[in-house]
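Each chain, letter by letter, is given below.
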Amino acid sequence: MSEFPVTSSDTEAKAIARSAQVARNSTQMAVGTMASRVLGFIRVMMLALCLGVALPNDAFSVAQGLPQFLFVIISTGAVTAV
């Protein structure tokens, strides 16, 4: 047995600390997600500025996206086959 008895105030304090930690972690995730979205938008705008909105931009997008698409298809198939 413990030398000191656990009181309800100890349990409440731990619950409050846990809630604060969850709120802090949630805020960090939200800020990171928002920063990622803003930077992604800036990246798309810079590509449109540099390559235009015609065929070169489309070709660049396909060349960048096709390997990632194939990887996702193959890795998803490998994971579901196991």
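Residues numbered from 1 in each chain as written. Predicted model: local features only at pLDDT ≥ 70, side-chain atom pairs only at ≥ 80, totals over all residues. Heavy atoms only, no water.

Engineer: Teacher, can you tell me more about the overall build of the protein chain here?
Structural biologist: A count of helical and extended segments in the protein chain gives two helices and zero strands. The C-alpha radius of gyration computed for the protein chain amounts to 24 Å, which surpasses the reference 12 Å derived for 82 residues by more than 25%, pointing to a less compact arrangement than a globule. When the backbone C-alpha atoms are referred to their principal axes, the protein chain occupies close to 75 × 40 × 15 Å. Out of the 82 residues belonging to the protein chain, those deemed buried represent 1%. Counting every atom, the protein chain has about 7,400 Å² of accessible surface; 72% of that belongs to carbon and sulfur. One way to put it: in the protein chain the 5 positive side-chain charges average out to a point 12 Å from where the 4 negative ones average out. (Helix = DSSP H or I, 4+ residues; strand = E, 2+ residues; numbered from the N terminus. Rg over C-alpha atoms; globule rule 2.2 N^0.38 Å. Buried < 20%, exposed > 50% of the residue type's maximum accessible area, 1.4 Å probe, protein only. Areas by Shrake-Rupley, 256 points an atom, 1.4 Å probe, with all protein chains shown as cover. Lys, Arg positive; Asp, Glu negative; His and termini not counted. Charge placed at Lys NZ, Arg CZ, Asp CG, Glu CD.)

Engineer: How should helix H2 (residues 55-81) be read in this particular structure?
Structural biologist: Because an α-helix packs 3.6 residues into every turn, residues spaced three or four apart end up facing the same way. Here H2 spans 38 Å end to end across 27 residues, near enough to the 39 Å set by a 1.5 Å rise per residue. By the largest-angle criterion, Gly 65 marks the main kink of H2, which is about 30 degrees, and a proline, Pro 67, follows within four residues. (Expected span 1.5 Å × (residues − 1). Bend = angle between axes of the 7 residues up to and from the residue.)

Engineer: How should I be thinking about a nonpolar patch on the surface in this particular structure?
Structural biologist: Where nonpolar side chains cluster on the molecular surface, the patch consists of Met 34, Val 38, Leu 39, Phe 41, Ile 42, Met 45, Met 46 and Leu 49 and spans about 860 Å² of accessible area. As for its placement among the helices and strands, Met 45 is situated in helix H1 (residues 8-51). (Patch = residues over 30% accessible without salt bridge, like charges linked within 9 Å, V, L, I, M, F, W, Y side chains within 5 Å. Salt bridge = Lys/Arg side-chain N within 4 Å of Asp/Glu carboxyl O.)

Engineer: I tried to follow the side chain of Asn 57 on my own but got confused; where do I start?
Structural biologist: Here Asn 57 lies in helix H2. Filtering out sequence-adjacent residues up to four positions away, Asn 57 remains in contact with Leu 47, Ala 48, Leu 51 and Gly 52. (Contact = heavy atoms within 4.5 Å.)

Engineer: Just checking my understanding: could you explain the environment of Leu 55 for this structure?
Structural biologist: Among the structural elements, Leu 55 can be located in helix H2. A relative accessible area of 65% places Leu 55 in the exposed class. Along the sequence, Leu 55 and Arg 37 sit 18 residues apart, while their C-alpha atoms lie 25 Å from each other.

Engineer: Where do I start with the environment of Arg 37 in this structure?
Structural biologist: The residue Arg 37 is located in helix H1 in this model. Given a relative accessible area of 62%, Arg 37 falls into the exposed group.

Engineer: I'm lost on the environment of Thr 11 in this one. Help?
Structural biologist: Take Thr 11: it is sitting in helix H1. Separated by 63 residues in sequence, Thr 11 and Ile 74 have C-alpha atoms that sit 48 Å apart.

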